[in-house]
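# Summary of the model geometry
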Amino acid sequence: MVLTDLFVLPALVGVYLCFRFRRQRVAVDLLPLPTILLAAFAGYWLWYAHRPQPSTLDRELAPSIRYFRESRLVPRPMVLHRVEIDLTTPGLEFVVTPPEPTGGFDLPARTTSQFVREFDVQVAINASYFYPFRAESPIDYYPHRGQPVNTTGLCVSNGRWYSSPEPGYTMFAIGVDNRAVVGPDKFFVWNGASGQPVLLKEGQIVESLDAGELNPRTAVGIDRTGTRMLWLVIDGRQPRYGEGVTFRELAALLQEFGASDALALDGGGSSTLVARINGEVRVLNCPIHGRHPPGVERPVANCLGVRVLRR
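Below is a summary of the structure that appears in this document. Throughout, a residue's number is its position along its own chain's written sequence, starting from 1. Given that this is a predicted model, residues contribute local features only at a pLDDT of at least 70 and side-chain atom pairs are listed and counted only at 80 or more, while totals for whole chains, interfaces and linings are drawn from all residues. Side-chain metrics in this entry use all non-hydrogen atoms of the structure; hydrogen atoms and water are not considered.

Looking now at the pairing of strand E10 (residues 148-151). When a strand is regular, its side chains alternate between the sheet's two faces. For the exposure calls, accessible area comes from a 1.4 Å probe over protein chains only, and a residue counts as buried if that area is under 20% of its type's maximum, exposed if over 50%, partly exposed in between. Working definition: helices are DSSP H or I runs of at least four residues, strands are E runs of at least two. Numbering for both runs from the N terminus. Residues Pro148 and Asn150 line one face of E10 and the alternating positions Val149 and Thr151 line the opposite face, and both faces are buried. Bridge analysis of strand E7 (residues 130-131) against E10 gives two bridges, and the strand direction is antiparallel. Bridged to Phe130 within E10 is Thr151. Pairing between strands is defined by DSSP: at least two bridges between them are needed.

The subject of this paragraph is the sheet that holds strand E23 (residues 303-308). Pairing is antiparallel across the open sheet formed by five strands, whose spatial order is E4-E23-E6-E21-E22. Each end of this open sheet is capped by a strand with a single partner; those strands are strand E4 (92-96) and strand E22 (280-283). With direction set aside, neighbouring strand axes in the sheet form an average angle of 20°. Where strand E21 (residues 273-277) meets E22, four bridges bridge the pair, whose relative direction is antiparallel. Bridging across to E22, Arg276 finds its partner in Val281. To obtain an axis, a line is fitted to C-alpha atoms, over the contacting stretch when the element is a helix, and the angle between two such axes runs from 0 to 180 degrees between their N-to-C directions.

If you trace the backbone, Ala264 turns up in strand E20 (residues 259-264). Residue class for Ala264 comes out buried when judged on its relative accessible area of 0%. Sequence separation of Ala264 and Tyr129 is 135 residues, and the distance between their C-alpha atoms is 10.0 Å. Throughout, a contact is declared for two residues whenever any of their heavy atoms are within 4.5 Å. Once you skip the residues sitting within four places of it in the chain, Ala264 turns out to touch Tyr129, Gly195, Gln196, Pro197, Leu199, Thr218, Ala219, Phe247 and Leu250.

With 69 residues, the main nonpolar core has Ile65, Ile85, Phe94, Leu199, Met229, Trp231 and Leu250 as its most contacted residues. The leading source of residues in this core is strand E19 (residues 228-234), at six residues. Sequence-distant contacts of Met229, that is, excluding residues within four places in its chain, are made with Val83, Glu84, Ile85, Leu87, Phe94, Phe172, Ile174, Ala180, Gly221 and Ile222. Joining through side-chain atoms within 4.5 Å is the link that ties buried Ala, Val, Leu, Ile, Met, Phe, Trp, Tyr and Cys residues into a set, and such a set is a nonpolar core. The next biggest cluster of nonpolar side chains, apart from the first, holds six residues, and it includes Met171, Ala173, Val181 and Val189.

The structure is reproduced here in structure tokens:
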């Protein structure tokens with residue numbers, strides 16, 4: 001039991017007293033409002049800190065695009081969301097949010113769900129780190145939807161380059177033929193987004209990788225053959241449900257799932273995975289946007305999406 005759980009008992013007692021003395025004109029007349037507020041808070045806390053983890057799931061989202069959900073309790077509660085994409089699939093097409101210069105910034109902020117709807121992709125994750133950003137309260141935060149932001153590091157959308165290179169940031173680059181690499185290469189980049197740190201190189205965890213703190217994470221990887229792309233989104237900052245991972249743990253998970261080269265994208269409250277299922281746009285993970293309740297999406301700078309065109 002955590003300290004905040006102690007609010008549950010007084011709330012239940014207050015509810016009982018309200019019903020027990022509801023017909024008597026006594027000081028208990030003053031109880032309903034604070035009791036309701038306390039009960040609401042207790043109910044929210046019970047849901048927040050005692051939610052059961054979701055069940056295992058294996059589902060095809062589109063031809064050769066598969067989604068896996070897995071809950072673990074060791075080394076701590078974790079919920080893992082993995083997408084595997086066969087890069088040899090005919091009609092496969094990637095989309096990175098295009099630049100839309102606004103007031104000296106790269107583009108307006110969108111949620112990942114907005115991106116899926118607007119650009120008609122079947123699956124998407126958040127991509128680059130961005131600025132400006134703040135999260136002081138559920139009301140006082142930046143950016144809101146539509147407010148201008150800059151991505152951190154180089155980005156490419158359908159051959160259009162935007163933003164500027166930043167020290168320490170590496171591009172996840174995708175060519176016209178859907179060949180993908182972590183870091184610079186000599187092929188023509190058609191789509192790409194930057195992140196940090198690099199997690200895996202040639203199947204090995206990067207020696208200099210700093211573990212970092214426990215946080216929600218988003219990462220992308222490529223297997224040794226170069227024919228399978230992996231997206232990994234991990235929920236975090238949610239006690240007893242999904243408490244997040246360090247960068248080194250993230251790298252080990254990608255290694256476990258068969259990635260050879262991998263890169264971390266923006267994490268924390270930005271980590272979001274969205275898919276179009278039976279025509280409905282659904283958030284598949286449980287994002288944690290600043291001081292909002294779990295499940296609220298954060299508007300982000302750009303996203304990486306994929307679709308399979310019928311040919």
